[in-house]
Amino acid sequence: MIDSHCHLDHSPLIENLLDVVKRSRKIGITKLLTICTTLESFEKIKTIVEQDEIIFGTYGIHPHETEKNQVDKETIIRSVKENNKIIGIGETGLDFFYNHSNRDKQISSFKHHIEASIELNKPIIIHSRNAEKETFEILNSYKNANLKILMHCFTGSLEFSKKLLSLNAFFSASGIITFKNSTELQHTFKMLPLEKLLIETDSPFLAPIPMRGKKNEPSFIKYTLSVLAKLKGLDDNDMSQITTDNFNNLFFK
């Protein structure tokens, strides 16, 4: 298993990092990808990735943070090239649900991340909420650039997923697919191709059932894996191998 999206720089994970990694290894996790959201978080991530061989990181500015954290393509490229354990760009994208940051700044930041991703030939991790039309239009404008797209914590519509598949996108399932009211999302994941699926915790957020109410951590990914396996008519071991292979094909080929 691989947790394709966690935030090990957040409390309580960072204070208990060695125990978190130990519990991750115990359930069979072979890689943890800790995701950058701000300039400050990247400074922490550079230290975190050195704490264990299974931890890798990314560089990016979350759409909520684009008001206070502005970076250009060159800054992203330089920061990623400085560390061989930084394997992805993001989390970037558009969030028009909360609008914590100006829309134009979100869009500008998103484009800088996309262009850095293309130049570096590294996957881009995308957050999209209440912005399906705009997210697709921007991504589609780069459709001939061999962009490696990973839709993090995908909760979009089936129609949106079909459009993204035309861009060769990958989709990560979070604990949300375990929720009882997520029948529409479960149907979407049931329809997505196996070779396009990854799993994540987004920890310390979004703990899956039966761990709701607790601070999420990577070892809880087994519950999301089990639900995804059932949706696809597979056993947990097969689903684990498929999502692991998909992650490695996306990030290491």
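Everything discussed here concerns the structure shown above.
Quick caveat: nothing in here was measured; it's all calculated off a predicted structure.

Before going further, it helps to spend a moment on the overall build of the protein. For the protein, the helix and strand inventory stands at nine helices and eight strands. By its C-alpha atoms, the protein is 40 × 40 × 35 Å across when sized along the principal axes. Here the protein holds 253 residues, and 57% of them are scored as buried. In the protein, of all internal contacts separated by at least 6 residues, the share reaching a separation of at least 24 is 72%. Here the protein has roughly 11300 Å² of accessible surface; of this, 47% comes from carbon and sulfur atoms. If you average the places of the 32 positive and of the 32 negative side-chain charges in the protein, the two averages end up 3 Å apart.

A few words now on unusual backbone geometry. Of note, the amide linkage connecting S11 to P12 takes the cis form, showing an omega dihedral of 5 degrees. Mapped onto the fold, P12 is located in the loop between β1 (2–6) and α1 (17–26). The linkage connecting S203 with the following residue, P204, adopts the cis geometry, with an omega of 15 degrees. Structurally, P204 can be placed in the loop between β8 (197–199) and α8 (221–232). Its identity is not glycine, yet N168 carries a phi of approximately 70 degrees, on the positive side. Mapping N168 onto the fold places it in the loop between α6 (158–165) and β7 (170–173). Using a relative accessible area of 47% as the deciding quantity, one classes N168 as partly exposed.

Right, let's get into the packing of α8 against helix α9 (residues 236–252). With their axes 9 Å apart at the nearest point, α8 and α9 run at an angle of 100 degrees to one another. It follows that α8 is roughly perpendicular to α9 by the angle criterion. In this structure, α8 contributes L225, S226, L228, A229 and K232 to the contact, and α9 contributes D236, M239, S240 and T243. Of the residues contributing to the contact of α8 with α9, the split by class is four nonpolar, three polar and two charged.

Each value, and the rule that gives it
- Residues numbered from 1 in each chain as written.
- Predicted model: local features only at pLDDT ≥ 70, side-chain atom pairs only at ≥ 80, totals over all residues.
- Heavy atoms only, no water.
- Helix = DSSP H or I, 4+ residues; strand = E, 2+ residues; numbered from the N terminus.
- Buried < 20%, exposed > 50% of the residue type's maximum accessible area, 1.4 Å probe, protein only.
- Contact = heavy atoms within 4.5 Å.
- Areas by Shrake-Rupley, 256 points an atom, 1.4 Å probe, with all protein chains shown as cover.
- Lys, Arg positive; Asp, Glu negative; His and termini not counted.
- Charge placed at Lys NZ, Arg CZ, Asp CG, Glu CD.
- Axes fitted to C-alpha atoms, helices over the stretch in contact; angles between N-to-C directions.
- Parallel < 35°, antiparallel > 145°, perpendicular 65-115°, else oblique.
- Nonpolar A, V, L, I, M, F, W, Y, C, P; charged D, E, K, R; others polar.

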